[in-house]
Amino acid sequence: MQFLDKTKIRIVSGRGGNGMVAWRREKYVDKGGPAGGDGGKGGDVYLVADENMSTLMDFKYKSVFKAECGENGGIKNCHGKWAKDLFIKVPVGTVVKDVKTGNIIADLTEHGQKVLVAQGGRGGRGNARFATAQKRAPQFCEPGEPGIERELILELKLIADVGLLGMPNAGKSTLISRISSAKPKIADYPFTTLIPNLGVVRGLNGDGFVVADIPGLIEGASEGVGLGHDFLRHVERCRFLVHLVDLTEENPFKNYEIINRELEKHSHKLASLYQIIALNKIDAVDEDKKEKVLSEFKAVSAEVYLISAVTGDGVQKLVNCMSEMVEKIEKPVSEVVVEEDLGAYNNDDSAYEITKASKDTYIIVGGKIGRLAQVTDARNTEQVIRFQNILTGMGVFEKLKSMGVKDGDTIIVGHLEFAYYADEFFG
């Protein structure tokens, strides 16, 4: 299976249903009154962490997700049906970011954890809602609110207890295949591992812990050189690191320092993780080099192990140490700052735009204005007057005046078209 750990998707929550203008007309009911129902609420959009997913590959083939819209209100005070919410499954360990703001919306680290990323629009009220003692026959209703549209970045960070790091061909894949049931590709050329591999290792207490084999790092990895930079995010959640060093290299200690510099450049948090050093391929070097390199590493770390991932020499001691450290070192606490208010990402429903189509024609478009126009009957004087009052309250006519509108000019809003007269709108 191909591995995909970063992608972009577009989500759209459901629009609320429009209210209804209707009247109660029954044979033996005199003056039945308004009976228009409310529109239903549009569907919300949620992201849900699912442990059965291990990659974001599903989003390569589908990147646009739309929730259902609410049903319009009906006659006889029948309310429109609420739309079903949309639940989008993502792998455990997914960080969700908003493309527009760059803010982190959620860090989904547990199975079943869910987050609301776009709220559905509210349904509009029917004319029955506007009946009062003074206005017993309201001729208008409300349109439903629009849905919210957002672009999100999904970034997967694998959940592992231990991260295996090292230069290409240091033996990480061989080691994880020996200590777990993982079957990564193993070969004698650099960058054999192209994707992170996870393996479950049996600990001293009988419980298992998860080890992640990360593609090899080289100098410049933090700046995008090689493959390691793309996968460094996967070790950010580890309790500690096992740094695998190839003893057959000319200067093993220098390679160790190069990797640590790249960790520091990527993030201070990553560089500060506890490290166990495993000097690999002891079966391929002589005793003199082995002792020389061991003394160099003993000077910088208390946990240094001589192993051969191929023959298995020293591997069990390393696994025992890893098991003990898993018990001692707690899982790192997520430092992700999650946004709390979704309101800032709602569509600006009060926004509108006025275009001068010709010397005497103005076209008005906008979320709330456009939807109000949809539910306004041009033949109904009461509805038209209410619509014009709303435009006045929103400052539309003041803006038209600043644009040079004159008496008799044509104003077009959706399917509505009327002539402008200053004394009518400004008294």
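## Looking at the sheet that holds strand β11 (residues 208-213)
Two pairing modes exist for strands in a sheet, parallel and antiparallel, and in both the strands are linked by backbone hydrogen bonds. Taken together, 6 strands build an open sheet; the order of strands is β10-β11-β9-β12-β13-β14 and the sheet is mixed. Of all the strands in the sheet, the pair left with one neighbour each is β10 (197-202) and β14 (304-306). Within the sheet, the average angular offset between the axes of one strand and its neighbour, ignoring direction, is 25°. Examined bridge by bridge, β10 and β11 share 6 bridges and lie antiparallel to one another. Bridging across to β11, G199 finds its partner in V211. Each of β9 (162-165), β10, β11, β12 (240-246), β13 (274-280) and β14 touches helix α7 (residues 315-328); the most contacted strand, β13, lies at about 175° to it.

## Thoughts on the sheet that holds strand β6 (residues 104-108)
Spatial ordering of the open sheet is given by β3-β1-β8-β5-β6, a layout of 5 strands whose pairing is mixed. The open sheet terminates on both sides in strands that have one partner only, identified here as β3 (64-66) and β6. This sheet shows a mean twist of 25° between the axes of neighbouring strands, independent of strand direction. Here strand β5 (residues 94-98) pairs with strand β8 (residues 149-156) via 5 bridges, running antiparallel. Bridge pairing links K97 to I153 in β8.

## Here we look at the side chain of T55
Residue position: T55 is located in the loop between β2 (45-50) and α1 (58-61). With relative accessibility at 6%, the residue T55 sits in the buried group. Here the side chain of T55 touches M57 through a polar contact of 3.3 Å, landing on its backbone nitrogen.

## Structural notes on the pairing of strand β1 (residues 6-12)
As paired elements, β1 and β8 share 7 bridges and run antiparallel to each other. Residue pairing for β8: K8 is matched across the bridge by I153. The sheet contact formed by β1 and β3 spans 3 bridges and is parallel. Looking at β3, one finds that R10 is bridged to V64.

## Quick word on the pairing of β11
Regular strands show a simple pattern: their side chains alternate between the two faces of the sheet. Summarising the sheet, β9 and β11 pair through 3 bridges and their orientation is parallel. Across the sheet, residue G163 finds its bridge partner in β11, namely A212. Hairpin connection, β10 to β11: the antiparallel pair is bridged by 5 residues, and G206 has positive phi, about 95°.

## Let's talk about the environment of H243
With respect to the helices and strands, H243 occurs in strand β12. When the C-alpha atoms of H243 and L165 are compared, they prove to be 4.9 Å apart, with 78 residues separating the residues in sequence. The residues contacting H243, other than those within four sequence positions of it, are L165, G166, Y256, I259, N260, Q275, I276, I277 and A278.

## Considerations on the packing of helix α2 (residues 172-179) against α7
For any two helices packed against each other, one specifies the crossing angle of their axes together with the interaxial distance. Between α2 and α7, whose axes approach to 11 Å, the crossing angle comes to 80°. Comparing the axis directions of α2 and α7 gives the class roughly perpendicular. Listed contacts from α7 to L175, R178 and I179 of α2 are V315, L318, V319 and M322. In terms of residue class, the contact of α2 with α7 is made up of 6 nonpolar, no polar and 1 charged.

## A word on the confidence of the model for the protein chain
Overall, the predicted model of the protein chain reaches an average pLDDT of 82, with 86% of residues at or above 70. When mean pLDDT is compared element by element in the protein chain, β3 scores highest at 96, while helix α3 (residues 228-231) scores lowest at 54. Predicted confidence for residues 184-194 stays below pLDDT 50, and this span has 31 contacts to residues more than four positions away or in other chains.

## Section: the packing of aromatic side chains
In this structure the tally under the stated criterion is 7 aromatic pairs. Taking the centre distance of 5.6 Å and the plane angle of 40° together, the rings of F253 and Y256 count as tilted. Highlighted residues: F253 and Y256, both in helix α4 (residues 252-266), separated by 3 residues, approximately one helical turn. What makes Y256 buried here is its relative accessible area of 10%. Aromatic pair F397 and Y420: ring centres 6.2 Å apart, planes at 40°, arrangement tilted.

## Here we look at the pattern of salt bridges
This model, assessed by the stated rule, comprises 14 salt bridges. Here R10 ties to E149 by a salt bridge, and the two come within 2.9 Å at their closest N and O atoms. Linking R10 in strand β1 with E149 in strand β8, this pair joins segments that are 139 residues apart in sequence. Of the residues examined, R10 reaches a relative accessible area of 26% and is grouped as partly exposed.

Cut-offs applied
- Residues numbered from 1 in each chain as written.
- Predicted model: local features only at pLDDT ≥ 70, side-chain atom pairs only at ≥ 80, totals over all residues.
- Heavy atoms only, no water.
- Pairing = 2+ DSSP bridges.
- Helix = DSSP H or I, 4+ residues; strand = E, 2+ residues; numbered from the N terminus.
- Axes fitted to C-alpha atoms, helices over the stretch in contact; angles between N-to-C directions.
- Contact = heavy atoms within 4.5 Å.
- Buried < 20%, exposed > 50% of the residue type's maximum accessible area, 1.4 Å probe, protein only.
- Polar contact = N/O pair within 3.5 Å; in protein donor to acceptor, adjacent residues only side chain to side chain.
- Parallel < 35°, antiparallel > 145°, perpendicular 65-115°, else oblique.
- Nonpolar A, V, L, I, M, F, W, Y, C, P; charged D, E, K, R; others polar.
- pLDDT = per-residue confidence, 0-100.
- Phe/Tyr/Trp six-rings, centres within 6.5 Å; stacked < 30°, edge-to-face > 60°.
- Salt bridge = Lys/Arg side-chain N within 4 Å of Asp/Glu carboxyl O.

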